[in-house]
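Next come the chains, spelled out residue by residue.
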Amino acid sequence: MPPRPHAARRLAARAAAIVLTGALAGAVTPPAAQAEALVTRPTAHVDPLIGTANGGNTFPGAVLPYGMIAWSPTSTTGDQTGTGAANGYEYGATRLRGLSLTHVNGAGCNPGAAGDVPIMPFVGDVTSSPSADTKDAVYAANFSHDNERAVPGRYTLGLDSGATADLAVSKRAGVADFSFPAGRPANLLFRVSNSLNGSEDAEVDIDTAHRKVTGSVLTGAFCGRRANGGTNNRKSYYRLYFSASFDRAFSSTGTWKDGTLAPGTTSASGGEGYATGADRAGRGSGGWVGFDTSADDDVRMRIGISYVSQAGAEANLRKEIAPKADVDDVARAGSRAWDRELGSVRTGGGTDAQRTAFYTALYHSLMQPNLISDTDGRYPGMDGKPHRVTRGQGAQYSNFSGWDQYRAQIQLLALLKPRIAGDFAQSLYNFARQNGGVWDRWVHVNGATHVMTGDPTAATLATFYAMGVRDFDYEGAFESLARQATVPHPDGLSDAGCPGQCAGQRPNLAQYLESHYAPQDVCHCWGGAAETLEDAVADDALGRWARLLGRDEEADAFEERGRWWRNVYNPEAGDGAGTSGYIQARNLDGSWVTPFSPGSDRGFAQGTSATYTWMVPQDVQGLAAAMGGRDIAAKRLDDFFHKADGSWSVRGGDALRYDPTNEPGIHAPWLYNALGQPWKTQETVREIVNTVYGTGPRGLPGNDDLGTMSAWYVFSALGIYPQTPGSATMLLGTPLFPAAVLDRPQGKDIRITAPEADATHPYIDAVAVDGRPGDRSWTDARLVTRGGSLTYRLTDRPNTTWATGPAGLPR
C-alpha cells in the first residue's frame with residue numbers, strides 16, 4: 001500500500017536529509033587523517049609582537065596565561081613621565097628605560113595601567129639621580145628589533161649599550177639572565193616609583209649580605225591622564241611588592257630620591273605623584289646594585305611579586321620556581337603551559353599567516369583575567385584589606401575591562417576555560433561585596449576605576465551562566481546584580497569622573513526607571529543614548545539569567561527593560577539623504593537632543609549614532625521592524641559597510657560606517673543572519689578578517705582591550721560568534737580552517753569541519769549540526785553546553801536561499 005501523503009513527505013524529507021548528510025560527510029577528511037593535520041604545538045605559531053603598533057597596545061614580554069607577572073619593556077620617547085604606548089611598548093619606539101614587572105594587555109588610554117618597577121640594565125657609572133634624567137637621555141638605551149626575540153613565556157633583548165636581558169616567568173615570579181660588556185661598569189637600576197601613571201609612594205631596600213633587593217610601589221590611577229574624568233581617578237588602590245635575589249655579590253650599591261643621589265646607601269623611598277610632564281618630572285626614588293665584570297659578565301636574578309606582602313612575594317617565588325632553575329628551565333615550563341592553554345583549539349589546514357594570526361589572537365585572548373592572589377590564596381580586597389579566596393575558588397582574578405570584554409572575550413573564556421570563568425565570576429562577586437554591593441565596570445587589580453559606561457558585569461555573569469559556567473555563587477551574584485539594577489545608589493547622582501569614569505554604575509537609576517531611558521540632561525553618565533542601550537543589553541541578559549534560574553517574574557521585568565532601547569530610537573531622525581530612523585539622545589522632558597547628525601557622538605560613548613543604532617543584539621527583529629522591515633534594515637546595513645560607490649568601508653575612520661577598532665559595533669557584521677541574508681555576514685566577516693587583521697606589529701585594528709579584538713578574530717576564524725549577552729546561542733559564519741577541535745574540559749568536544757575552506761570558498765552552502773542538516777544560521781545552547789559537531793559545505797558563490805526562511809531566523 002502506498003504511503004499516505006504526509007508520510008510520503010516525511011520520507012522525502014528524510015531522504016533529502018540523508019543525501020545532504022552523505023554529501024557533507026563525504027567531503028570530510030577521515031578522522032585519523034584529520035587528527036594528524038591538527039596543530040600540536042600552537043606556541044610555534046604565536047608572535048607576541050602582533051599588535052605592538054597601530055595602536056594595538058599589546059606588549060611582547062614574558063607572561064603566562066592569566067599570570068600576575070608580565071615582564072616587558074617600558075620604552076621612552078624622551079619623557080620620563082610617558083612612554084611610546086599605553087602599555088609601555090610601541091614597536092616604533094626603540095629606546096628603553098626598563099623592564100617592568102606588570103602590564104595590562106591592550107588598554108585603550110595612554111598610559112593605561114601598571115608598568116610597575118622598571119628594572120634597567122645600565123652600562124656605565126651611576127653619577128646622578130635617574131629621576132633627574134627627565135628626558136631619559138642618560139639612564140636609557142637604544143635597541144634594534146634585530147636583537148629582540150619574543151615567544152610565549154620568554155623575552156630576550158640586546159641593547160645597543162652591549163647589555164642583554166633574557167627573561168622567563170612562572171605565574172607570579174621570574175628568572176632573568178643579564179649580561180654586560182666585560183670590564184665595563186655594570187648596574188641594575190630599580191626604578192621603584194616609575195610606574196606608567198606614576199606613584200604615591202615607593203620604597204627600595206638592598207641587603208648586601210643576602211644579595212637581595214626588595215621593595216614596593218603604592219600606585220593605581222588607571223587612565224589617570226585621560227581628559228574625561230582623569231583627575232577623579234588619580235588615586236592609589238594597590239601596592240605591589242617584589243623580592244629579587246642574585247647569584248653573586250654586589251660590587252656597589254646606591255639609592256636616589258628626586259634629584260639627590262646617595263652612593264653606598266641601601267634604602268630609599270618616595271613617590272612621583274600622578275601628574276604629567278614638568279609637574280612630575282624629577283620626582284621619585286630607586287636604587288641600584290653594581291657588579292664586577294672583570295672576570296664574570298653574567299648576572300642571574302630571581303624575582304617574585306605579590307599584591308599582599310613582601311613575604312608573599314618571596315613565598316610565590318619559592319613555590320613556583322625551583323632554587324636551581326635557570327631561564328631555559330622556566331621558559332620550557334612556560335612554553336608547556338601556553339601549549340596546554342592554546343591547545344584548547346586545535347586547527348588543521350590554513351596558511352602559515354592564518355595560523356600565526358589565529359594562535360596569536362588566542363594567546364592575547366587568554367592572557368586575562370589576571371591572578372592577584374598569592375599561592376596561599378591571599379589577595380587585596382576592594383576594601384583595601386587582605387582577604388583569602390572563598391571555599392571552592394581556585395584563585396582571585398582581576399583586570400576586568402567590562403565594557404569591552406562582555407562582547408566577545410568573556411564568551412571565549414566561558415567556552416574554552418569554564419573553570420577560570422567561574423573563578424573570575426566569583427572574584428568579581430567578592431569585589432562587589434567588599435565594595436558595598438557595587439559592581440564596578442572596569443576593575444584593575446583591587447581598584448574600582450569606573451571607566452566606560454553601562455553595567456557590563458551583569459551581561460558578563462549572565463553569559464557565563466548561560467554558557468554552562470557554574471563554579472561560582474550564581475544565586476548570590478544574581479541577587480546582587482539585580483539589586484544594583486533596581487535599587488538606586490547615591491553614587492548614581494554624582495558627576496565625579498564624568499563623562500568617562502562616572503562613579504555611578506547605574507547612573508540616576510530612579511529617573512531611568514521612571515523615564516524608561518537615560519535623559520541626557522540629568523543622566524550623570526557619559527551619554528544618555530549609549531547608557532540606555534548598554535543598560536538594555538544588561539537588563540535583557542539579567543532577564544535571560546533569571547529565566548534559567550526559574551525566577552520568571554524577575555525574568556519578565558528585566559526582559560521588558562531590555563526593550564527600552566526603543567525609547568531612544570527616533571524614527572524621524574535622518575541623515576539628510578533620505579534615510580531616517582536612528583538612535584538619538586533625549587532630554588528629561590522627552591524632547592530629542594538637537595542638533596542631530598548620524599555622525600555625531602553627542603549622547604554616545606566612543607562612537608556615533610550611526611554605530612550605536614545597530615547596538616541592539618538582544619532584539620534584532622525589533623530593530624528591523626522599527627526600520628521598516630528586514631529588507632530595509634539589511635540595505636541600511638549594506639550602506640554601513642560600503643561606501644556610496646559600493647566599495648568596502650571596514651577599516652574605520654568614517655563616522656557613518658563600521659569601525660573595527662572599537663566595541664559598540666563589532667557585532668554588526670553578524671546581524672545579517674537575523675535579517676535573513678546570512679551570505680552577507682559571510683562575505684563581510686571574511687573581508688574584515690582578510691584586510692583589517694593580519695600578522696606583524698600592525699596586525700590588530702586597534703587597542704586589543706584585554707583580548708576583545710583578538711577574541712573577535714578567534715570566533716570569526718572558527719565560523720561562530722556569540723549572538724547576544726546572556727545567551728549561549730552561536731551565529732554561524734564561514735570557518736577559515738578546514739578543521740578545528742575545541743576542547744571542552746567539562747564535556748564533549750566541539751568539532752568544526754569545513755573541507756573546502758580556503759580563500760576561494762568564503763560562502764556557506766550547507767551546514768550539518770551533529771550530523772543533521774539544518775537551515776538555520778545559528779545553533780542553540782546545546783552546542784556550547786554539551787559539545788557536538790558542525791560540518792560545513794562551502795562554496796565560491798553566495799547561497800542566497802540557505803537559512804533565509806523567516807521562521808528559522810535568530811530572534
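For every chain, the first residue of the written sequence is number 1, and numbering continues from 1 along that sequence. Only residues with pLDDT of 70 or above have their local features reported here, since the model is predicted, and side-chain atom pairs are shown and tallied only from 80 upward, although totals for entire chains, interfaces and linings are computed over all residues. Excluding hydrogens and water, the side-chain values take into account all heavy atoms of the structure.

## Regarding empty space enclosed by the protein
Cavities and pockets were defined on a 1 Å grid built from protein atoms only: a cavity is a group of points that admits a 1.4 Å probe but offers it no way out, a pocket is an open group of points flanked by protein on both sides within 12 Å along at least five of seven lines, and a lining residue is one with an atom within 4 Å of any such point. Grid points are joined across faces, edges and corners, and a volume is the space filled by probe spheres set on the points. Under the defined criterion, the tally for this structure stands at ten cavities of 30 Å³ or more. Its volume calculated, the largest cavity comes out at about 120 Å³. Lining the largest cavity are 14 residues, and of these Tyr406, Arg407, Pro617, His667 and Pro725 sit closest to its centre. Residue classes follow a fixed rule: Ala, Val, Leu, Ile, Met, Phe, Trp, Tyr, Cys and Pro count as nonpolar, while Asp, Glu, Lys and Arg count as charged, and any other residue, Gly among them, counts as polar. Partitioning the lining of the largest cavity into residue classes produces eight nonpolar, four polar and two charged. Counted as a void, the second largest cavity has a volume near 100 Å³. Lining the second largest cavity are 15 residues, and of these Met68, Thr102, His103, Tyr307 and Asn399 lie nearest its centre. Of the residues belonging to the lining of the second largest cavity, the class tally is eight nonpolar, six polar and one charged.

## With respect to the sheet that holds strand β23 (residues 400–401)
Two strands pair if DSSP finds at least two bridges between them. In this description a helix means any DSSP run of H or I spanning at least four residues, a strand means any run of E spanning at least two, and both kinds are numbered starting from the N terminus. Within the open sheet, the three strands sit side by side as β23-β24-β25. Their pairing is antiparallel. Strand pairing shows two members of the sheet lacking a second neighbour, β23 and β25 (447–448), which therefore form its edges. The pairing of β23 with strand β24 (residues 442–444) spans two bridges and is antiparallel. Bridge pairing in β24 links Ser401 to Trp442.

## Observations concerning the packing of helix α5 (residues 352–365) against helix α18 (residues 708–718)
When two helices pack together, their arrangement is given by the angle between their axes and by how far apart the axes lie. At their nearest, the axes of α5 and α18 sit 8 Å apart, and the two run at 130 degrees to each other. As far as their axial angle goes, α18 and α5 are oblique. Helix-helix and strand crossings are classified by hand; for α5 and α18 the assignment is left-handed. Taken together, the residues of α18 that come into contact with α5 (itself represented by Gln354, Ala357, Phe358, Ala361, Leu362, His364 and Ser365) are Ser710, Ala711, Tyr713, Val714, Ala717 and Leu718. Class assignment for the residues of the contact of α5 with α18 results in nine nonpolar, four polar and no charged. Axes here refer to lines fitted to C-alpha atoms; in helices the fit is confined to the stretch in contact. Angles between the N-to-C directions go from 0 to 180 degrees. In what follows, roughly perpendicular refers to angles from 65 to 115 degrees, roughly parallel to angles under 35, roughly antiparallel to angles over 145, and oblique to any angle outside these ranges. Take the far helix as the reference: if the near one is turned anticlockwise from it by less than a right angle, the crossing is left-handed, and if turned clockwise, right-handed. By definition in these notes, contact holds between two residues if any of their heavy atoms fall within 4.5 Å.

## Some remarks on unusual backbone geometry
In terms of backbone geometry, most residues other than glycine have negative phi values and most peptide bonds are trans. The amide bond that connects Gln368 to the next residue, Pro369, takes the cis arrangement and shows omega of 10 degrees. Looking along the chain, the bond that leaves Thr594 and enters Pro595 is cis, with omega of -5 degrees. When you line up the elements, Pro595 lands in the loop between β27 (580–583) and α14 (609–612). Positive phi values are uncommon outside glycine, yet Ala114 reaches one of about 65 degrees.

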